[in-house]
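Report on the structure
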Amino acid sequence: MPHRPPSPPSPTTGPTTIDSSLEDRVIATTAQLTTAIEDALGCRVNESVLEDLLLELDRRDYVDWVTVTRTGDYLWDLSDAPDRIGEAIAEAVVDRLESWLRGSTDRDE
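Structure report, in brief. (Residues numbered from 1 in each chain as written. Predicted model: local features only at pLDDT ≥ 70, side-chain atom pairs only at ≥ 80, totals over all residues. Heavy atoms only, no water.)

1. Focus: the packing of aromatic side chains
Centre distance and the angle of the planes are the two values used to describe a pair of aromatic rings. All told, the structure shown has 2 aromatic pairs when counted by the stated rule. A centroid spacing of 6.1 Å and a plane angle of 65 degrees characterise the contact between W65 and Y74, whose relative ring orientation is edge-to-face. Summarising the burial analysis for this pair, W65 and Y74 share the class buried. When the centroid spacing of 5.7 Å and the interplanar angle of 40 degrees are considered together, the rings of Y74 and W76 count as tilted. Feature note: the residues W65, Y74 and W76 constitute an aromatic cluster, connected by ring pairs. (Phe/Tyr/Trp six-rings, centres within 6.5 Å; stacked < 30°, edge-to-face > 60°. Buried < 20%, exposed > 50% of the residue type's maximum accessible area, 1.4 Å probe, protein only.)

2. Section: unusual backbone geometry
Phi is positive for D61, which is not a glycine, with a value near 65 degrees. Checked against the element boundaries, D61 lands in the loop between helix 2 (47-59) and strand 2 (64-68). (Helix = DSSP H or I, 4+ residues; strand = E, 2+ residues; numbered from the N terminus.)

3. Some thoughts on the packing of helix 1 (residues 30-41) against helix 2
Here helix 1 crosses helix 2 at 110 degrees, and the two axes come no closer than 10 Å. The orientation of helix 1 relative to helix 2 falls into the category roughly perpendicular. The element helix 1 and its partner helix 2 pack so that their crossing is right-handed. Every residue of helix 2 that contacts helix 1 at T30, A31, L33, T34 and I37 is listed here: E47, L50, E51 and L54. (Axes fitted to C-alpha atoms, helices over the stretch in contact; angles between N-to-C directions. Parallel < 35°, antiparallel > 145°, perpendicular 65-115°, else oblique. Left-handed = near helix turned anticlockwise from the far one by under 90°. Contact = heavy atoms within 4.5 Å.)

4. Re the pattern of salt bridges
Here the structure, examined in full by the defined rule, presents 6 salt bridges. Note that D77 is salt-bridged to R25, the shortest N-O span being 3.0 Å. One end of the pair, D77, is in strand 3 (residues 74-77); the other, R25, is in the segment before strand 1 (27-29), and 52 residues separate them in sequence. Judged by its relative accessible area of 8%, D77 falls in the buried class. Under the relative-accessibility criterion, R25 is labelled partly exposed at 30%. Put simply, R84 and D80 hold a salt bridge, and the shortest N to O gap is 3.7 Å. Bridged by salt links that share partners, the residues R25, D64, D77, D80 and R84 form one connected network. (Salt bridge = Lys/Arg side-chain N within 4 Å of Asp/Glu carboxyl O.)

5. A short note on the nonpolar core
L33, L54, V63, W65, Y74, W76 and L78 are the most contacted members of the largest nonpolar core, which has 13 residues in total. At the level of elements, helix 2, strand 2 and strand 3 are the ones that each hand at least two residues to this core. When residues in this core are grouped by element, the largest group, 4 residues, is from helix 2. Once residues lying within four places of it in the same chain are set aside, the contact partners of V63 are L54, L57, D58, W76, D77, L78, A81 and R84. (Core = buried A, V, L, I, M, F, W, Y, C linked by side-chain atoms within 4.5 Å.)

Interpretation note: all reported values are geometric properties and have no functional meaning in isolation.
Okay, structure coming up:
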(Lines give C-alpha, C1' and ligand atoms only; values in the text may rest on other atoms or scores of the structure.)
Protein backbone atom coordinates (compact mmCIF):
# COMPACT_ATOMS: atom_id res chain seq x y z
CA MET A 1 0.00 0.00 0.00
CA PRO A 2 1.62 3.29 -1.03
CA HIS A 3 2.11 6.01 1.57
CA ARG A 4 -0.34 8.73 0.58
CA PRO A 5 -1.77 11.47 2.72
CA PRO A 6 -5.48 11.68 3.32
CA SER A 7 -7.47 13.51 0.69
CA PRO A 8 -7.89 17.22 1.31
CA PRO A 9 -11.43 18.44 2.04
CA SER A 10 -11.97 19.54 -1.56
CA PRO A 11 -9.63 17.57 -3.82
CA THR A 12 -8.19 19.52 -6.70
CA THR A 13 -5.66 18.89 -9.39
CA GLY A 14 -2.73 21.11 -8.58
CA PRO A 15 -3.23 24.81 -8.88
CA THR A 16 -1.33 26.92 -11.34
CA THR A 17 -1.76 29.78 -8.88
CA ILE A 18 -2.21 29.65 -5.14
CA ASP A 19 -5.80 29.82 -3.97
CA SER A 20 -6.49 33.26 -2.47
CA SER A 21 -7.45 31.62 0.84
CA LEU A 22 -3.84 30.39 1.12
CA GLU A 23 -2.13 33.72 0.42
CA ASP A 24 -1.35 34.41 4.08
CA ARG A 25 -0.22 30.84 4.76
CA VAL A 26 3.26 29.28 4.59
CA ILE A 27 2.85 26.99 1.57
CA ALA A 28 5.63 24.98 -0.12
CA THR A 29 6.22 21.84 -2.13
CA THR A 30 8.49 19.10 -0.86
CA ALA A 31 11.11 20.16 -3.42
CA GLN A 32 10.96 23.77 -2.19
CA LEU A 33 11.35 22.61 1.41
CA THR A 34 14.30 20.42 0.46
CA THR A 35 16.03 23.36 -1.21
CA ALA A 36 15.30 25.69 1.74
CA ILE A 37 16.70 23.18 4.25
CA GLU A 38 19.80 22.58 2.15
CA ASP A 39 20.38 26.33 1.75
CA ALA A 40 19.80 27.07 5.45
CA LEU A 41 21.77 24.17 6.91
CA GLY A 42 24.33 23.54 4.18
CA CYS A 43 23.62 19.81 4.05
CA ARG A 44 22.00 17.54 1.49
CA VAL A 45 18.49 16.28 2.16
CA ASN A 46 16.97 13.21 0.55
CA GLU A 47 13.71 14.54 -0.86
CA SER A 48 11.88 11.22 -0.65
CA VAL A 49 12.86 10.80 3.01
CA LEU A 50 11.69 14.35 3.75
CA GLU A 51 8.41 13.61 1.99
CA ASP A 52 7.94 10.45 4.09
CA LEU A 53 8.58 12.53 7.22
CA LEU A 54 6.08 15.18 6.09
CA LEU A 55 3.46 12.49 5.39
CA GLU A 56 3.93 11.14 8.91
CA LEU A 57 3.74 14.66 10.36
CA ASP A 58 0.53 15.16 8.37
CA ARG A 59 -0.97 11.96 9.80
CA ARG A 60 -0.26 13.30 13.29
CA ASP A 61 -1.66 16.78 12.46
CA TYR A 62 1.63 18.70 12.72
CA VAL A 63 1.54 19.87 9.08
CA ASP A 64 -1.30 20.05 6.57
CA TRP A 65 -1.30 18.49 3.13
CA VAL A 66 -3.11 20.84 0.76
CA THR A 67 -3.02 19.19 -2.66
CA VAL A 68 -0.82 17.59 -5.29
CA THR A 69 0.37 19.86 -8.09
CA ARG A 70 -0.04 19.01 -11.75
CA THR A 71 3.56 17.84 -11.75
CA GLY A 72 2.85 15.41 -8.91
CA ASP A 73 4.48 17.41 -6.09
CA TYR A 74 2.81 17.55 -2.69
CA LEU A 75 1.89 21.05 -1.54
CA TRP A 76 2.19 21.56 2.21
CA ASP A 77 0.74 24.20 4.53
CA LEU A 78 3.31 24.69 7.28
CA SER A 79 1.76 27.80 8.82
CA ASP A 80 0.83 26.23 12.15
CA ALA A 81 3.57 23.57 12.20
CA PRO A 82 5.95 25.39 14.59
CA ASP A 83 3.20 25.88 17.18
CA ARG A 84 1.89 22.33 16.83
CA ILE A 85 5.35 20.75 17.04
CA GLY A 86 6.35 23.07 19.91
CA GLU A 87 3.24 22.08 21.88
CA ALA A 88 3.97 18.38 21.33
CA ILE A 89 7.55 18.81 22.52
CA ALA A 90 6.42 20.82 25.56
CA GLU A 91 3.91 18.11 26.49
CA ALA A 92 6.57 15.40 26.16
CA VAL A 93 9.02 17.38 28.31
CA VAL A 94 6.39 17.99 31.01
CA ASP A 95 5.45 14.29 31.00
CA ARG A 96 9.12 13.30 31.39
CA LEU A 97 9.68 15.83 34.18
CA GLU A 98 6.57 14.68 36.04
CA SER A 99 7.69 11.07 35.70
CA TRP A 100 11.19 11.95 36.89
CA LEU A 101 9.85 13.94 39.85
CA ARG A 102 7.51 11.09 40.83
CA GLY A 103 10.48 8.72 40.66
CA SER A 104 12.59 11.06 42.81
CA THR A 105 9.82 11.32 45.41
CA ASP A 106 9.40 7.53 45.54
CA ARG A 107 13.13 7.06 46.18
CA ASP A 108 13.21 9.71 48.93
CA GLU A 109 10.59 7.90 51.04
